[in-house]
Number of protein chains: 4
Amino acid sequence: MKTRKVAVLGATGAVGQKFVRLLEGHPWFKLSEVYASERSAGKTYAEATNWLEESPMPQAARGLEVKTDTYDLDADICFSAIPGGKAGPAEREFARRGYAVFSNARDLRMEPDVPLVIAEVNGDHLGLVETQKKAAKSDGFVVTNGNCTTIVLAMTLKPLHDAFGVDRVQMVSMQALSGAGYPGVASLDITENVIPYIGGEEEKVLAETPKFLGRLNASHVEPAPMTISATCTRVPVIEGHTEAISVQLARKAQGEDVLRAFESFQGPKEVRGLPSAPEHPIVVRSEENRPQPRKDRGAGNFMSVVVGRIRPDSVLDWKYVALGSNTVRGAAGGSILNAELAVTKRLL
Amino acid sequence: MKTRKVAVLGATGAVGQKFVRLLEGHPWFKLSEVYASERSAGKTYAEATNWLEESPMPQAARGLEVKTDTYDLDADICFSAIPGGKAGPAEREFARRGYAVFSNARDLRMEPDVPLVIAEVNGDHLGLVETQKKAAKSDGFVVTNGNCTTIVLAMTLKPLHDAFGVDRVQMVSMQALSGAGYPGVASLDITENVIPYIGGEEEKVLAETPKFLGRLNASHVEPAPMTISATCTRVPVIEGHTEAISVQLARKAQGEDVLRAFESFQGPKEVRGLPSAPEHPIVVRSEENRPQPRKDRGAGNFMSVVVGRIRPDSVLDWKYVALGSNTVRGAAGGSILNAELAVTKRLL
Amino acid sequence: MKTRKVAVLGATGAVGQKFVRLLEGHPWFKLSEVYASERSAGKTYAEATNWLEESPMPQAARGLEVKTDTYDLDADICFSAIPGGKAGPAEREFARRGYAVFSNARDLRMEPDVPLVIAEVNGDHLGLVETQKKAAKSDGFVVTNGNCTTIVLAMTLKPLHDAFGVDRVQMVSMQALSGAGYPGVASLDITENVIPYIGGEEEKVLAETPKFLGRLNASHVEPAPMTISATCTRVPVIEGHTEAISVQLARKAQGEDVLRAFESFQGPKEVRGLPSAPEHPIVVRSEENRPQPRKDRGAGNFMSVVVGRIRPDSVLDWKYVALGSNTVRGAAGGSILNAELAVTKRLL
Amino acid sequence: MKTRKVAVLGATGAVGQKFVRLLEGHPWFKLSEVYASERSAGKTYAEATNWLEESPMPQAARGLEVKTDTYDLDADICFSAIPGGKAGPAEREFARRGYAVFSNARDLRMEPDVPLVIAEVNGDHLGLVETQKKAAKSDGFVVTNGNCTTIVLAMTLKPLHDAFGVDRVQMVSMQALSGAGYPGVASLDITENVIPYIGGEEEKVLAETPKFLGRLNASHVEPAPMTISATCTRVPVIEGHTEAISVQLARKAQGEDVLRAFESFQGPKEVRGLPSAPEHPIVVRSEENRPQPRKDRGAGNFMSVVVGRIRPDSVLDWKYVALGSNTVRGAAGGSILNAELAVTKRLL
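About the cut-offs
Every residue gets a number counted from 1 within its own chain, in the order that chain's sequence is written. A letter from A marks each chain and a number from 1 marks each ligand, given out in the order of writing. With pLDDT at 70 or above as the cut-off, local features in this predicted model cover only qualifying residues; side-chain atom pairs require 80 or more to be listed or tallied, and sums for whole chains, interfaces and linings still use all residues. Just so you know, the domain bounds were taken from an automatic or database domain assignment. Residue pairs qualify as contacts under a 7 Å threshold applied to their C-beta atoms, which are placed from the backbone. Helix and strand definitions here come from DSSP, where helices need a minimum of 4 consecutive H or I residues and strands a minimum of 2 consecutive E residues; each element is numbered from the N-terminal end. Note on residue categories: nonpolar means Ala, Val, Leu, Ile, Met, Phe, Trp, Tyr, Cys or Pro, charged means Asp, Glu, Lys or Arg, and polar means any other residue, Gly included. At least two DSSP bridges between two strands are required for those strands to pair. Convention adopted: a line fitted to C-alpha atoms gives each axis, helices being fitted over their contacting stretch, and angles between N-to-C directions are expressed from 0 to 180 degrees. When the copies are superposed, the least-squares fit takes in the C-alpha atoms of residues with a pLDDT of at least 70 in both. Buried, partly exposed and exposed are defined by the number of other C-beta atoms within 10 Å of a residue's own C-beta, namely 20 or more, between the two limits, and 12 or fewer respectively, with C-beta atoms placed from the backbone. What the arc covers is the set of directions going from the helix axis to the C-beta atoms.

Caption draft 1: Examining the domain arrangement of chain A more closely. All names here are of chain A. Splitting chain A by domain gives domain 1 (4–147 + 332–344) and domain 2 (148–325). The C-alpha centroid of domain 2 is placed 24 Å from the C-alpha centroid of domain 1. Residue-level contacts link 32 residues of domain 1 with 30 residues of domain 2. Counting only elements with at least two residues in the side of domain 1 that touches domain 2, the list comes to helix H5 (119–122), helix H6 (128–136) and helix H13 (328–344). If one sorts the elements of the side of domain 1 that touches domain 2 by residue count, H13 sits on top with 7 residues. Its residues assigned to classes, the side of domain 1 that touches domain 2 comprises 14 nonpolar, 13 polar and 5 charged.

Rendered as C-alpha cells:
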C-alpha cells in the first residue's frame, strides 16, 4: 500500500490532537500538514497546541508549521476536526479542490450527497462518493463519521436490525466529559453530579441513527424506518459513553439469537483487517456489572463497542447496556477507519 | 401533640444515623433508645458509632446506651434501619410486642398485610394497619417505606396515574453512592466510572411501584396494572438518585396537562403541614439542564422530588427526568413522615 | 443598629453571587444595588446571572437592575468582587466618592494605606482607614480581605504567633475547585487528578501572611518577620482548602500549649458576637483523620477554620492540618465580617 | 538467560494481581504457581479472583490451581503480596526452604538481615542476601521493596544525597486510592474530599527512607543520618502518589546542579537494561503544572518517577514535586526489578 500524506484540519483542538496521536506510526498514512485557525498562524504545532493527550506529542508533529487560511496543503487526505458551524464550508471547499476529506464535524452529516459512515455498519454508503465527485466535478469528496453517542448506538443496533428489524428504540446515555471537548465541562458543574442534558445531542441521535442504518439507493440514502427516543446525560467520567438501550423488534427474537447477533457481528469483509479495525466490532461481556467505562473503553484498542446486561425488556422487547470510546471509535478513530476503507475501495 | 418516645433499630448504620440526625429537634418525637447488633453491646451510641453525617452527632444521642438482643425498649415507636435479611423477623416481633414499627428495610415490603407507604402517594394504605393489628392481636404493627429508587419513581408516577392512567414505564436510574450504605461502594470501583448494575434493585422497582400506586381493597392492596422496565446504574454522586423516565398513558395528555399534574400534586390533606412534609412534594424545574443531584437534592429539605425536562416521548408518550434524595425522602425521612401520618390518623 | 444599604460590585460572578447569598437576611445590611460589567447592562440581576449557588437566588436580588459604568449607587457600603486586575482603580474611585469598599480582589491588598484584614486576626489594622480617609479627603475607604489560602493559614498562625512567635512556616495546600471561580478548572484537567500549581497563589501567601500578622504602626503595617515556604496544589474537591502546615517557633512550646493556643483563640472582644463571627474562629478536631473538606468546611457556618493532627515536627517544631471554607471565610464571608467590624468601630 | 519459574504469594489480592499481570510475557520469569489463603483452596486462579486490572487476566494464569497451606511450590522465585502482619513468618519459611522471596509486604523491611531495595538506589544492599543465606543455612532468602510513598521519595532523594548530602526532608503526600488495596477506601469517604491521614504511613516513610539511602557495612545497613518529617494524605486519584518535598542539603547547590542531579540519575550499570528498568528512573518535567498523577504516572512504563517544580525553598534549601506509580514502581514492578537484579548478580 503506498503511503498517503494526510493533513489534520482543526489540529490544535482536542479531536485534532486525537487524530495526530492516532496517526502516529500509521502504516498507510503519514501526517504531513496541520491546519488550524488564525490564532496559530506562524507557530509550530508544538508551540500552538495545549497538548491534552496522556502520551507525549509525536515527534513528527512537533515541528510542523501550522497552516492557516489556505486550501493549498501538501496532502491527499484531510481529517477534519474543524468545530461544528465552521466546518461545512471549509470541508466542501477542500473537497472541491480535490482533497479526500474525512470529517468529524456535524455540519455535513445529514447532507444527501455526503456519506455518514461507520465502516462496519454502512461502509457501502461510501458509494455516495461517486455521486459527490460527479456533481462537484472534482476528485475530492467529504465523508463524515457521526456523533459519538450515535455511533455507539448504531453499532449495536446494526446486527439487531439485520437479523430482526428494529422498530423502536429507547436510549438513555451517560456520557463522558471528553465528549464536550476542551475546556468543555467546568469541574464545578460536574464534580459529584449528573447533568441531564447535552445541547443538540438528542437531535443528532434521532437524525443520524436512521441514516447509518438506512439503505443506499442510487444517489441517496433511504433512512431506516424506526422510532427513536433519546435522553442524553453527562456524568463525571473522562472517557467512554455508556448507553442503556431498549429495542422493539419487527421479528420475535430469543435471547440466544440476540446474543449470537451481537457476538457474530462483523463488518463487511473488506473492513476486517484494516489497520484500525478491531477484531470484534462488538464485544459481549457476560458479567452482570459490565460494561463499565473505566474498565471497558479500551476494548479493541478503543475501537470495539462493549455490550452487556442483555435481557428481555417488559415494555419493548430486549434491552442491554452498551459502551464505547467517544474520542476514538466515536470520533477520530472512526474517521481514520473510514479513510482506510475508502483507500481499499480505491476511492482515492 | 404529646411527645412520643422513639427508638432507632439498627441505629449505628448509615440509615440508622440518618434517623438519629433527622429526629434531632423533632417536634413530636424524642429519641429515647438506640438498638443495634451484638457488636455494640455495652457501649454508648457515641462509642459504638462511626458517625458519617456531616453535622455533629446530636448531644441527646451521644450518651444513650446501645441496646442489643432485647425486645424491651422504652419507646412507643421503632424506626427500623435493620439490614435487609435480618429485619423481617425482628420487626414482626417488635410489632407483636406492641411497638409501632416504621421500617426502612426491604424484608416485609411486599407482605400482603404490611402497608408500603409514601405519605403523599398512598397514605390511605395505612388502613392495612388495622388488619395487621387484628391478626396479631397486638397494638403494634409494621409500616414500610420502600426502595429509594422506587420512591422517587412512584412519587412522579402518582399524579400522572391519577390524571391519565399510567400503562407502561421505562426507567433508567443513575444512583448515588449513599444508596449502597457504608462502606458500600469501593472508591476503586466507582471513581471516574459508571457501574450499570445494582443487585436486586430493578426487581424492587418492578415489585414495589405497582403496590404504591395500587388500591386498598378491604384487607389487601390491589397492585396498579402497569408494565415497568428498569435499568439501575451507579454513578459517582454522593447523594440523590437521578431517573430518566418515559411513560405511556391510558388517556392522551397535552404538555400543559402533564405539567399541571406535576405542579399541582399534593398529598392528601392530612399530610400537608406534617412536620416532615415538604410544601411541594414535586418541584418542577423549567431549566433544560435540571434536575441535577448536587443542586436539587436539597429541595424541600431533601423531601421534595424535583422533575425537569418534561417533553414528548416518541416511543411511549411523555418523558422527564426526576431526582430525589435517596437517604432522606427515599429512606429515613420518608419513614418519619409515615410515622407522623400514622400519629395524625390515631393509629398509635 | 441602623440598616446600611449595600452594593455588590462584580455581582454576577461566582464571588459576587456568594456575597448576594450571604447578605440575604443579614440583620444590618440590605442589598440595594448590584453592579457588574457592560455585558449585563439593562438586565435585571436574575437575567444577567448564571446562578451557581445551590440555594435559590434571593427574591430581593432577582429584580434589581444591574448597574454598569457608574459611580452613583444607592448604597453606603460596596462589597467588591470585581476581578483582579480591574478591581483596583474602580475600588479607589468608589472610595474617593465616599463609599466604604470591602474588597475581595487582590489588587490593593499590599498597598501601604489599605488594611488587609481578618477580623479576628488583625481587626485593629482597620486603623489604617483613618489614614486613607485623610489622604483621599473622603469619607470613603477600601478594606481588603486576603487570598483564601492565606486567610486559612494566617488564622491558624495567629494564636501561635501571639503565644510563641512564629519564625518559619512550611505550607502545602490542597485547594478546592471553587477557589478558581467559574468556569474555572476544566473537568478534563482535574477529574481523578492533582494539579501541583496555582498561578500566583504561592506569591500571595508569602506576601499577605506577614501583613496579616504584622503590627500597625501609626500609618502603616510592619510585616511580621517570618520566613514562609508554600506549595499550592489543586485537588478535586468542590469547597474547602486543606493545608498541611509546619512551624518553627521562637519560644519552645509543649503540645498542650499549642493545643490550648488554638482552642482558646478568640478574636478581639468587639468581633465576638458580630452577626457573621463564628463562636469559635478555630475548631480543633481530635480524630486522627480530620479535618476533611467535605465534613468540616461547614463548621461555624463556614466561618471557622478547623485544625487537626497537631503533632511535633522533626524538622521544624510543630505541624498540623488546617481546613477552611475558601468561598465564605476565605472570600465573601470574611469581607462581610470586616464590614460588620468597621460598623462597630464607627468607621462609617 | 534461562527462564525461572515464579510463584505469586497472595496472588488473589490487588497487589498479587498486579504481579500476575506484570509477569505476563516477562522474558526471564514464567508464572508457574499462584498461592493464596484457605478461602481459595481448590479453585483455579480465574475462579478464586475478583480481577481488578483493566486488561484481561492473562490466559496462562486463568487455569492455575491456587495453592494454599503448603511450602512446596514448583518455583524458584516467590513474589510475595501476602498482607502485612501475615507475610513475615510465611516469607521466612519460604526462604528457609530455599526459595528466593521478593516481598512487597511491610513485615520484614526493617529487619537487619533483610535488604530493603530499590534497584537503582541501593541495589548493592542485595549483598545482605549472603549474610541471610549463611545464617539460615539455606539457598533461599527474602528481599523487600518498601512502602510505595517511601519509594517515590527515596528515588528523588538519592541523587541529591549523593551529590550534596540530604540533611532534612519535609514531605507532604497526596496518595492514590490504589495504595489502600481493594476494597480499600470507601467511595463515601473520599469522593470530593481529602483524608489527611493514612494509618502507619508516616512511620514507614521515616523508618524506611534512611535505610534505602544508608550504607551497607559488612552485615548490616547503616541508615543515612537525616531528619524527615512526613504528612500523608489521601486524595481522590486512582493511581499515582504525588509528593511535595523540601530538602535541606549539607552542601550548597545551585539550581542547575539540582536539575542536573535529577536528570543524570542512573542506577548502577548492572540495573540499566534490565527488563523492567525504565530508561530514565527520574524524568524531569519543566512545565510549571507538572507532574500530575493522571498524566505522568505512566512514564517509563509506570517505573519512572517524575519530578517537577524544582525551585528554591525559603525555609529549607530546595523544593520540588515528585510523582510515581504506587502499584508498579511502588509495589509489584519494583519487586520484579529487584528480582531481575538479583538474577543478574547470580544470587539465585
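Caption draft 2: Region of interest: the sheet that holds strand S1 (residues 4–9) of chain C. Residues and elements named next belong to chain C. One open sheet accounts for 6 strands, arranged S3-S2-S1-S4-S5-S6; its pairing is parallel. The strands lining the two open edges of the sheet, one partner per strand, are strand S3 (66–67) and strand S6 (141–144). Strands in contact with helix H4 (residues 87–96) are S1, strand S4 (77–80), strand S5 (100–103) and S6; relative to S5, the strand with the most contacts, it is inclined by about 155 degrees. Contacts from helix H13 (residues 328–344) reach S1, S4, S5 and S6, with the element oriented near 150 degrees to S5.

Caption draft 3: Molecular detail of the relation of the copies chain C and chain D. For the pair chain C and chain D, the relating rotation is 180 degrees, the translation along its axis is 0.0 Å, and the fit reaches an RMSD of 0.0 Å. Such a turn and shift between the copies fits a two-fold axis.

Caption draft 4: Broad picture of the pairing of strand S2 (residues 29–35) of chain B. Residues and elements named next belong to chain B. The buried fraction of S2 amounts to 5 of the 7 residues, a majority that puts the element mostly inside the structure. In this structure, strand S1 (residues 4–9) lies alongside S2, joined through 6 bridges in parallel fashion. Looking across to S2, one finds that Lys5 is bridged to Lys30. Pairing of S2 with strand S3 (residues 66–67) involves 2 bridges; the strand directions are parallel. Bridge pairing links Val34 to Val66 in S3.

Caption draft 5: Quick peek at the environment of Ser138 of chain C. All names here are of chain C. Within the secondary structure layout, Ser138 lies in the loop between helix H6 (128–136) and S6. Considered as a pair, Ser138 and Val305 are 167 residues apart in the sequence and their alpha carbons are 36 Å apart. In this structure, Ser138 is in contact with Ala95, Arg96, Gly98 and Lys133, ignoring residues within four places of it in sequence.

Caption draft 6: Representation of the pairing of strand S14 (residues 318–324) of chain D within the structure. All names here are of chain D. Within S14, 7 of the 7 residues are buried, leaving the element largely enclosed by the surrounding structure. Residue alternation in S14 divides its side chains into two sets, Trp318, Tyr320, Ala322 and Gly324 and Lys319, Val321 and Leu323, and both sets are buried. Bridge count between strand S11 (residues 241–249) and S14: 7 bridges; the pairing is antiparallel. What sits directly across from Thr242, in S14, is Leu323. Of the pairings in the sheet, the one linking strand S13 (residues 305–312) to S14 comprises 5 bridges and is antiparallel in character. Among the inter-strand pairings, Pro312 is bridged to a residue of S14, identified as Trp318.

Caption draft 7: Representation of H6 of chain A in the model. Residues and elements named next belong to chain A. Taken together, the buried positions of H6 are occupied by Leu128, Val129 and Gln132. What you see down the axis of H6 is that its buried residues fit within an arc of 105 degrees, all on one side. Residues of H6 that are exposed and point over 90 degrees away from its buried face: Glu130 and Lys134. In this structure, the buried side of H6 is in contact with strand S6 (141–144) and strand S8 (215–217). Phi turns positive one or two residues past the end of H6, at Lys137, with a value near 50 degrees.

Caption draft 8: Looking closely at the interface of chain A and chain B. Residue-level contacts link 34 residues of chain A with 34 residues of chain B. Listing elements by their share of the side of chain A that touches chain B, those giving two or more residues are strand S7 (166–175), strand S10 (227–234), strand S11 (241–249), helix H11 (293–296) and strand S14 (318–324) of chain A. If one sorts the elements of the side of chain A that touches chain B by residue count, S10 of chain A sits on top with 5 residues. The class makeup of the residues in the side of chain A that touches chain B is 16 nonpolar, 11 polar and 7 charged.

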